[in-house]
Amino acid sequence: MRILWCLTLCTALAAQTPFADFLPDDLSYNADIPTPASVLGYEVGSWHVRHDQLVRYCELLAAASPRVELEVYAHSHERRPLLLLSVASPERLADLEQVRLQHLAGIFASAEPPADRPAVVWMGYSVHGDESSGANAALVLAYILAAGEGPRIDALLRDTVVLLDPCLNPDGLSRFAQWANSHRGQQPVADPQHREHNQGWPSGRTNHYWFDLNRDWLLLVHPESRGRLERFHAWKPNLLTDFHEMGSRSTYFFQPGVPSRQNPLTPARNLELTRAIARFHADALDSRGNLYYTEESFDDFYYGKGSTYPDINGCIGILFEQASARGHLQETPFGDLSFSASIQNQLATSLSSLQAAVALRPELLAYQRDFYQQRPPADSVLAWVFGDPRDPGRNMRMLGLLRQHAIEVHELAGPVRAADHDFVPGSAWLVRVDQPQSRLARALFETRSAFADNTFYDVSSWTLPLAMGMPYAPLDSTAFNPGLVGGHAAIDPQPGATLHGEASAYAWAFSWQHSRAPQVLVQLLQAELRVQVATRPFQASCSGALRDFEAGSIIVARGIQELEAPALHALLAELVEAEGVPIFGLDSGLTPGGIDLGSPQMASVALPKPLLLVGPGVSSYEAGEVWHQLDAEYRLPLSMAELDDVGGLQLERYTHIILVDGSYGALSGTAIEKLRGWVRNGGVLLCQRRAAQWVGSNLLQRDAEQERWDPLEEEKARKLEDGPPPRQSYGDYQRLQAETVIGGAIVAAELDLSHPLCFGYGAPRVALFQRGTGWLRPEDDPFASPGIYADEPLLAGYISELNRQRLAGSAALSGVRLGRGVVVRYAFNPLFRGAWHGTAKLFANGLFFAPAIKPTGRLDADEE
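Bear in mind that the values here come from a model prediction, so they are computed numbers and not experimental data.

Here we look at the overall build of the protein
Line of reasoning, step 1. When helices and strands are counted, the protein shows 25 helices and 36 strands.
Line of reasoning, step 2. Here the C-alpha radius of gyration of the protein, 29 Å, is about what a compact globule of 864 residues would show, namely 29 Å.
Line of reasoning, step 3. Along the three orthogonal principal directions, the C-alpha set of the protein runs to about 90 × 70 × 65 Å.
Line of reasoning, step 4. Across the 864 residues that make up the protein, the buried fraction comes to 59%.
Line of reasoning, step 5. In the structure as shown, the protein presents an accessible area of about 34400 Å², 51% of it carried by carbon and sulfur atoms.
Line of reasoning, step 6. Across the protein, the 72 positively charged side chains and the 100 negatively charged ones have centroids separated by 1 Å.

What to know about unusual backbone geometry
Line of reasoning, step 1. Residue P202 is bonded to the preceding W201 through a cis peptide linkage, with omega at -10°.
Line of reasoning, step 2. Tracing the backbone through its elements, the reader meets P202 in the loop between helix 8 (170–182) and helix 9 (223–235).
Line of reasoning, step 3. Residues Q255 and P256 are joined by a peptide bond in cis, for which omega reads 25°.
Line of reasoning, step 4. Counting through the fold element by element, P256 comes out in the loop between strand 8 (252–254) and helix 10 (268–288).
Line of reasoning, step 5. Positive phi values are uncommon outside glycine, yet E528 reaches one of about 65°.
Line of reasoning, step 6. Within the element layout of this structure, E528 appears in the loop between helix 16 (517–526) and strand 21 (531–534).
Line of reasoning, step 7. By relative accessible area, E528 is classed as exposed at 69%.
Line of reasoning, step 8. At R833, a residue that is not glycine, the phi angle is positive and equals roughly 50°.

Quick look at empty space enclosed by the protein
Line of reasoning, step 1. In total, this model carries seven cavities of 30 Å³ or more according to the counting rule given.
Line of reasoning, step 2. Counted as a void, the largest cavity has a volume near 150 Å³.
Line of reasoning, step 3. Around the largest cavity, the lining residues are R394, R397, S515, R516, P518, Q519, Q629, E633, Y634, H837, A840 and K841.
Line of reasoning, step 4. Only helix 13 (392–404), helix 16, helix 18 (620–633) and helix 25 (837–848) provide two or more residues apiece to the lining of the largest cavity.
Line of reasoning, step 5. It is helix 25 that contributes the most residues to the lining of the largest cavity, three residues altogether.
Line of reasoning, step 6. Its residues assigned to classes, the lining of the largest cavity comprises three nonpolar, four polar and five charged.
Line of reasoning, step 7. Reported here for the second largest cavity is a volume of approximately 80 Å³.

A closer look at the side chain of T308
Line of reasoning, step 1. Tracing the backbone through its elements, the reader meets T308 in the loop between helix 10 and strand 9 (316–323).
Line of reasoning, step 2. Judged by its relative accessible area of 0%, T308 falls in the buried class.
Line of reasoning, step 3. Within the structure, the side chain of T308 is placed 2.5 Å from the backbone oxygen of Y302, a separation counted as a polar contact.
Line of reasoning, step 4. Sequence-distant contacts of T308, that is, excluding residues within four places in its chain, are made with D299, D300, F301, Y302 and Y303.

Describing the sheet that holds strand 22 (residues 538–542)
Line of reasoning, step 1. Taken together, three strands build an open sheet; the order of strands is 23-22-26 and the sheet is antiparallel. The outermost strands of the open sheet, each flanked by one partner alone, are strand 23 (545–549) and strand 26 (593–594).
Line of reasoning, step 2. Where strand 22 lies against strand 26, two bridges are found, and the strand directions are antiparallel. Looking across to strand 26, one finds that F538 is bridged to G594.

Here we look at the packing of aromatic side chains
Line of reasoning, step 1. One pass over the structure, following the stated rule, counts 40 aromatic pairs.
Line of reasoning, step 2. Geometrically, the ring pair formed by Y29 and Y143 is stacked, given 5.6 Å between the ring centres and 20° between the ring planes. Of the two residues, Y29 sits in strand 1 (residues 28–29) while Y143 sits in helix 6 (residues 133–147), which places them 114 residues apart along the sequence.
Line of reasoning, step 3. Y143 gets classed as buried once you look at its relative accessible area, which sits at 6%.
Line of reasoning, step 4. When the centroid spacing of 4.8 Å and the interplanar angle of 55° are considered together, the rings of W512 and F849 count as tilted. Here the residue W512 occupies a position in the loop between strand 20 (507–510) and helix 16, and F849 occupies one in the segment after helix 25, the gap between them amounting to 337 residues.

What to know about the sheet that holds strand 3 (residues 81–87)
Line of reasoning, step 1. Taken together, seven strands build an open sheet; the order of strands is 2-3-6-4-7-9-8 and the sheet is mixed. Across the chains shown, the open sheet's two edge strands, defined by having one partner strand only, are strand 2 (68–75) and strand 8. Ignoring which end each strand starts from, the neighbouring axes of this sheet average 20° apart.
Line of reasoning, step 2. Two strands pair when backbone bridges link them, and strand 4 (residues 119–125) and strand 7 (residues 239–246) are joined in this way by five bridges, in the parallel orientation. Bridge pairing in strand 7 places M123 opposite T241.
Line of reasoning, step 3. Strand contacts of helix 7 (residues 151–159): strand 3, strand 4 and strand 6 (160–165), with the helix running at about 95° to strand 6, the strand carrying the most contacts.

Points about the pairing of strand 31 (residues 684–688)
Line of reasoning, step 1. The buried count for strand 31 comes to five of five residues, which makes it a mostly enclosed element.
Line of reasoning, step 2. Residues V684, L686 and Q688 of strand 31 are buried on one face, and the alternating residues L685 and C687, pointing to the opposite face, are buried as well.
Line of reasoning, step 3. Across four bridges, strand 30 (residues 656–659) lies against strand 31 in parallel orientation. Looking across to strand 31, one finds that L659 is bridged to C687.
Line of reasoning, step 4. In this fold, the crossover linking strand 30 to strand 31 by way of helix 19 (residues 669–680) has right-handed handedness.

Let's talk about helix 25
Line of reasoning, step 1. Helix length check: helix 25, at 12 residues, gives a terminal C-alpha distance of 17 Å against a target of 16 Å (1.5 Å per residue), a fit within 8%.
Line of reasoning, step 2. If you check which residues of helix 25 are buried, you get H837, G838, T839, A840, K841, L842, F843, A844, N845, G846, L847 and F848.

Observations concerning the packing of helix 7 against helix 11 (residues 339–359)
Line of reasoning, step 1. Direction vectors running N to C along helix 7 and helix 11 enclose 60°, while the axes themselves pass 10 Å from each other. Comparing their axes, helix 11 and helix 7 come out oblique. For the pair helix 7 and helix 11, the sense of crossing is left-handed. Along the contact surface, helix 7 presents R152, A155, L156 and D159, while helix 11 presents L351, L354 and V358.
Line of reasoning, step 2. Its residues placed into classes, the contact of helix 7 with helix 11 shows five nonpolar, no polar and two charged.

About the criteria used
- Residues numbered from 1 in each chain as written.
- Predicted model: local features only at pLDDT ≥ 70, side-chain atom pairs only at ≥ 80, totals over all residues.
- Heavy atoms only, no water.
- Helix = DSSP H or I, 4+ residues; strand = E, 2+ residues; numbered from the N terminus.
- Rg over C-alpha atoms; globule rule 2.2 N^0.38 Å.
- Buried < 20%, exposed > 50% of the residue type's maximum accessible area, 1.4 Å probe, protein only.
- Areas by Shrake-Rupley, 256 points an atom, 1.4 Å probe, with all protein chains shown as cover.
- Lys, Arg positive; Asp, Glu negative; His and termini not counted.
- Charge placed at Lys NZ, Arg CZ, Asp CG, Glu CD.
- 1 Å grid on protein atoms, 1.4 Å probe; cavity = no way out; pocket = protein on both sides within 12 Å on 5 of 7 lines; lining within 4 Å.
- Points joined across faces, edges and corners; volume = space filled by probe spheres on them.
- Nonpolar A, V, L, I, M, F, W, Y, C, P; charged D, E, K, R; others polar.
- Polar contact = N/O pair within 3.5 Å; in protein donor to acceptor, adjacent residues only side chain to side chain.
- Contact = heavy atoms within 4.5 Å.
- Pairing = 2+ DSSP bridges.
- Phe/Tyr/Trp six-rings, centres within 6.5 Å; stacked < 30°, edge-to-face > 60°.
- Axes fitted to C-alpha atoms, helices over the stretch in contact; angles between N-to-C directions.
- Right-handed = clockwise from strand over helix to strand, strands pointing away.
- Expected span 1.5 Å × (residues − 1).
- Parallel < 35°, antiparallel > 145°, perpendicular 65-115°, else oblique.
- Left-handed = near helix turned anticlockwise from the far one by under 90°.

Here is the structure:
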């Protein structure tokens, strides 16, 4: 038995890369510092490290080394700690807070800072959980920094403070480690079709709610990002590294990216320094004989990524992309790639990054100081004013986000009218261009639509007030004056609201225009109250004063509740305090204007019991956005089931079924018929983007060619009659093809505010986030397409002229009756990245108010 166990152990160990192969040979190592293997029980690279193992090693390392301090800066949704290791000389570490403050003072002080101050380097790994060579390399780097001894380490400790963030996505890393390790055999399998290399749905790339955290640096939807950004601005590093993986058939990439696609708000000096740093990476990989490339594929345009957010904050952000083994060993065109080899490459460029920081320390420090002290050339915009008098909650959310980005915001000191909006003190604020975060403020408020290069790795626009659905306006020299600038904005995370009226009120009402109204509605329904929505506007007496209520207002009539009046009053008071939504007591059911409270135009609202279909073929990003919106925002339980299981599900358990973007062709005819029957029996089907097209041709049984509608089809046909297109250069294909894509732009749609799907909006024009080129034909029923893209749809970002023509006048939103049920179709994603709050209400309307849509149809000429 003992002999067999020893043979098995030796076989396993034989596959391990010796730890010495990871370590620079010009250093010696302190024997008192634990190695990763002494904690993990195996050598780095032979298994994928679990996050709990990584945490334990970092804890022991900080306890053993006088150079290392450990802090927890946030917890993930699954309550895993996010770590930051501060590495410095023992003398600096003992006074680390003072070192931080001196670093900040050196950036902003008018006097020249000390020449010997250290550069701050932030090393970030594995924001995508299934790109785990980074987190595993971080283990080795942490050991080298804690235990290494020699001139190179001495120079590093003298000239830098290193902030090591070993795993930016603990939940995704844990999910992927479980997958890769559970499929690892004693004999490595390099076959790319092997199950180990092909994860189940959803992959480990994303966080708990299936969001891409590498797109969340600007949006700050998740606790991982919010915690990290607080530490980022607390330190303001000079150099930030961002380690990723890419397809297995690739080599190795490091920045610069495509020069023509660098955001124009980033100073040119940034690219110069990035190229200087790249020389160090090239030397490191040359010495290993590795293939690599730069200035292709990736870009530095969207500031919401880990390697580009630093660029708009006086820092140099560097992206690294290693070909992925997606397991332990995988065939590639360049030979078999082992997980250990990918870790060694990431470690090599980690060390070259630190070498560059030491060598270029004066240049990095000077660049950061110049970035903040030398403001960009002024344009016509001197400030932006924003604020929504109807929605304090929306205001506080935007103020909080700007504060997290260290942007200075001022109270508006006087009234101003701009862009057809009236902004008044108390409900509006001002962001001046002339401030340290000038470039980032511009990036968040501008509406750029002309670009030097029309190809984008990610989205082409992210204008914050448009995403928030926030009234705003740029102010030029004719509109701005210093007298408008008040004190620094106070940010109340929960604005105060009032319950107006006594317990004896006839009924209670609140506006659906408030961004927290859905949260109030859910809690009322969960308390088993009978709730109605006014489908027409009305005027009511509230404690003797007249008040107007728009269509979409929520009504809770006291007389039809099981709850006694004092208990109802107490519940409403709790909700007002918790959610910040004002609620008004109504004196009578007889209204002086509009519908009465007993009108047939008051529609009952039921607590949704939604089902989200998930699994292979479905966009995990959009599925996660729906899950997060219902679960974390609305606090509404959401069932999720696999597409393959539809045939066996008891669909009558659910009031709503949600189909996000994806491919649904695998659903059988029986399953489709079952879904159709469920809708006919009263179900509400919500479907987005490609799912909306699929539903049109399958559940609604429309002609498939009509559902693949192209508004310019006739024009294309005429061009074909004129002969083949002119000959073009093969080398231009990728660029020209990219220009046909809508990778992410902001567009305008016009809403019918009388339609239940459009309740809660104060103006008919709304900004949508548009990705993809699937068009929805307006419904034949002229009342069933309450959202239509504007004739001039583009607000910000890039869309080709042909695609603008296609988009104009097509349906953004439709709601049609099918039997006793309703099919709601969105041509766009109303919950994009969990941050497009301006259109989240359109999703909420489908969830709560779709049953209020009455049957409509064409009107005959004599009926008109």
